[in-house]
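# Understanding the architecture of this molecule
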Amino acid sequence: MTDADLLRSLGVDPSQLDPAPPWAPRQSAGAERLDGNHPCVGCGQPARATGVVTVPGSGRRWLDRCMPCLIATTPRGGPRPPLADTLAVLRQAAREVGVDLTVVADES
């Protein structure tokens, strides 16, 4: 997930985020932001995690999130297989156990 994708998933306009330093901030700079004065960009609760995102046209910005929003927007696992491959495995498994199966999928 790119920084721009992450901001879209949170519904955040990058221009509304605080500018971050042009260099990689030290851990202490991020820890200082977690003083209770910065709300989560997703829900407004006090931020418990922070990082820097870079978005073309907006530069480097601080991204402050609470733990639930951080967890909800952190990619997990590797790349997903194509939907057709997943459906083929599902259909094969159904055939092997003798189950009649109709799969309806929106592949758009």
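Residues numbered from 1 in each chain as written. Predicted model: local features only at pLDDT ≥ 70, side-chain atom pairs only at ≥ 80, totals over all residues. Heavy atoms only, no water.

## What to know about the pairing of strand β1 (residues 49–55)
As defined by bridge partners, β1 adjoins strand β2 (residues 59–65) across 7 bridges and the pair is classed as antiparallel. Bridge pairing in β2 links Val52 to Trp62. Linking β1 to β2, which pair antiparallel, is a turn of 3 residues; within it Gly57 sits at a positive phi near 90°. (Pairing = 2+ DSSP bridges. Helix = DSSP H or I, 4+ residues; strand = E, 2+ residues; numbered from the N terminus.)

## Some words on the pattern of salt bridges
In this structure the tally under the stated criterion is 3 salt bridges. Residues Arg8 and Asp5 are paired through a salt bridge, measuring 2.4 Å at the closest nitrogen-oxygen approach. With Arg8 and Asp5 both in helix α1 (residues 3–10) and 3 residues apart, this pair spans about one turn of that helix. Accessibility expressed as a relative area gives 30% for Asp5, which makes it partly exposed. For Asp64, the salt bridge goes to Arg33, with nearest N and O atoms at 2.6 Å. On the criterion of sequence distance, the pair formed by Asp64 in strand β2 and Arg33 in helix α2 (residues 27–33) is long-range, its members being 31 residues apart. (Salt bridge = Lys/Arg side-chain N within 4 Å of Asp/Glu carboxyl O. Buried < 20%, exposed > 50% of the residue type's maximum accessible area, 1.4 Å probe, protein only.)

## Side note on the environment of Arg65
Residue placement: Arg65 occurs in strand β2. For Arg65, a relative accessible area of 11% puts it in the buried group. Setting aside chain neighbours within four positions, we find Arg65 in contact with Leu6, Leu10, Cys40, Val41, Ala47, Arg48, Ala49, Leu70 and Thr73. A distance of 2.6 Å separates a polar atom in the side chain of Arg65 from a polar atom in the side chain of Thr73. (Contact = heavy atoms within 4.5 Å. Polar contact = N/O pair within 3.5 Å; in protein donor to acceptor, adjacent residues only side chain to side chain.)

## Digging into the side chain of Asp64
Residue classification places Asp64 among the buried positions, given a relative accessible area of 5%. A polar contact is formed between the side chain of Asp64 and the side chain of Thr50, at a distance of 2.5 Å. Apart from the residues lying within four places of it in its own chain, the contact partners of Asp64 are Arg33, His38, Pro39, Cys40, Val41, Ala47, Ala49 and Thr50.

## So, the nonpolar core
Counting 8 residues, the largest nonpolar core is built from Leu6, Leu7, Leu10, Val12, Leu17, Val53, Val55 and Leu63. If you list the elements that add at least two residues to this core, you get α1 and β1. For this core, the element with the highest residue contribution is α1, accounting for 3 residues. With residues near it in sequence (within four places) discarded, Val55 still touches Asp3, Leu7 and Pro14. (Core = buried A, V, L, I, M, F, W, Y, C linked by side-chain atoms within 4.5 Å.)

## Some points on the side chain of His38
Assignment of secondary structure puts His38 in the loop between α2 and β1. With residues up to four places along the chain from it excluded, the contact list for His38 reads Asp18, Arg33, Gln45, Pro46, Ala47 and Asp64.

## Observations concerning α1
Structural remark: α-helix, 3.6 residues per turn; residues separated by three or four positions point the same way. The set of residues buried in α1 consists of Leu6, Leu7 and Leu10. Summarising the axial view, the buried residues of α1 lie within an arc of 95°, below the 170-degree limit, and thus occupy one face. Where α1 is buried, its residues meet β1 and β2. Trailing α1 by a residue or two, Gly11 shows a phi angle of about 70°, which is positive. (Arc of directions from axis to C-beta.)

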